[in-house]
Amino acid sequence: MMVIGMLLGVPAEDRPYLQHLADTSIHRDEGNETDVGLDGQMKQLEYFAKMLPGRRANPTDDIVSDLIHAEVDDGEGGKRHLDDGELVRYMSLVSAAGNETVTNLLGWASLSLYRNPDQRQILVDDPSVIPNAVEEFLRYEAPSPIQAPLVMEDVELYGQTVPAGSKMAMLTGSAGRDDRVYDNPDHLDVRRKFTSHVSFGHGIHFCVGAALARMEARVALEELLVRFPSWEIDEANSEMVHTSTVRGWSNLKASVPVG
């Protein structure tokens, strides 16, 4: 949230509050929306709505100012600005997506390396492998394992017609373990050679923050492994997030050797 908050132009003192709202906005119980989640979403929207008048009057070097003054096609051959509803929804999306997904990527990377100390030692001995390892973590434990697009027109897939208006769940987390694509897919291999994965989506639905996420993960792991080449994780007392959109840890209890 330090990074995404800076890009959005959120004051440093507000970023912990915004991270709390992002965390609570995705909370679900048994796959359903809750009062906690809805309250987080509404407070997020309210926070960003309050930013708009100041950015309109005094643009700064951040995403919010860029969005306010951007022009988009109006569908009739002309141009228009985004309205307030579009702006705050987009800002809220960027805030939550830029926080939750990278947080979960780093959590899974830390846990996966703890469970596979031989792979961790490879990265300690040769940090140049880290960028490739980030791709392997994304494949191995996708932080965003499911997407559900709305089908806009009838489409035939595998002999079945999916009618327009359907919501189709795509299990990208499962795709990362497809043994038709990846050899020994349940094995973590930070040196794995592969051309692609779908943890960032595909085509026009490819994640707009993929490059930033990759850079954040690379830098975080480089610094972590320099300072702490080994660590332990208390899995029994760690807790996963309760949501239907991302997959990760609300807390991951770790300890490092002293001295």
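Whatever comes next refers back to the structure up there.
Residues numbered from 1 in each chain as written. Predicted model: local features only at pLDDT ≥ 70, side-chain atom pairs only at ≥ 80, totals over all residues. Heavy atoms only, no water.

Topic: the packing of helix α2 (residues 15-25) against helix α5 (residues 84-115)
Line of reasoning, step 1. Packing of α2 against α5 leaves a shortest axis separation of 9 Å and a crossing angle of 85°. The orientation of α2 relative to α5 falls into the category roughly perpendicular. Here L18, Q19, A22 and D23 of α2 come into contact with α5, specifically with S95, A96, N99 and E100.
Line of reasoning, step 2. Grouping the constituent residues of the contact of α2 with α5 by class yields 3 nonpolar, 3 polar and 2 charged. (Axes fitted to C-alpha atoms, helices over the stretch in contact; angles between N-to-C directions. Helix = DSSP H or I, 4+ residues; strand = E, 2+ residues; numbered from the N terminus. Parallel < 35°, antiparallel > 145°, perpendicular 65-115°, else oblique. Contact = heavy atoms within 4.5 Å. Nonpolar A, V, L, I, M, F, W, Y, C, P; charged D, E, K, R; others polar.)

Focus on the environment of D234
Line of reasoning, step 1. Mapped onto the elements of the fold, D234 is located in the loop between β7 (232-233) and β8 (239-240).
Line of reasoning, step 2. Here D234 falls in the partly exposed class, since its relative accessible area comes to 33%.
Line of reasoning, step 3. In this structure the C-alpha to C-alpha distance between D234 and H197, which are 37 residues apart in sequence, comes to 30 Å. (Buried < 20%, exposed > 50% of the residue type's maximum accessible area, 1.4 Å probe, protein only.)

With respect to the packing of α5 against helix α9 (residues 210-227)
Line of reasoning, step 1. Packing of α5 against α9 brings their axes to within 10 Å, and their N-to-C directions diverge by 40°. As judged from the angle between their axes, α5 and α9 are oblique. α5 and α9 meet at a crossing whose hand is right-handed. Along its contact with α5, which presents V102, L105, L106, A109 and S110, the element α9 presents A213, E216, A217, A220, L221 and L224.
Line of reasoning, step 2. A breakdown of the residues in the contact of α5 with α9 according to their chemical character gives 9 nonpolar, 1 polar and 1 charged. (Left-handed = near helix turned anticlockwise from the far one by under 90°.)

Looking at the environment of M215
Line of reasoning, step 1. Mapped onto the elements, M215 comes out in helix α9.
Line of reasoning, step 2. Among the residues examined, M215 registers a relative accessible area of 42% and is labelled partly exposed.
Line of reasoning, step 3. Here the alpha-carbon distance between M215 and L111, two residues 104 residues apart in the chain, equals 19 Å.

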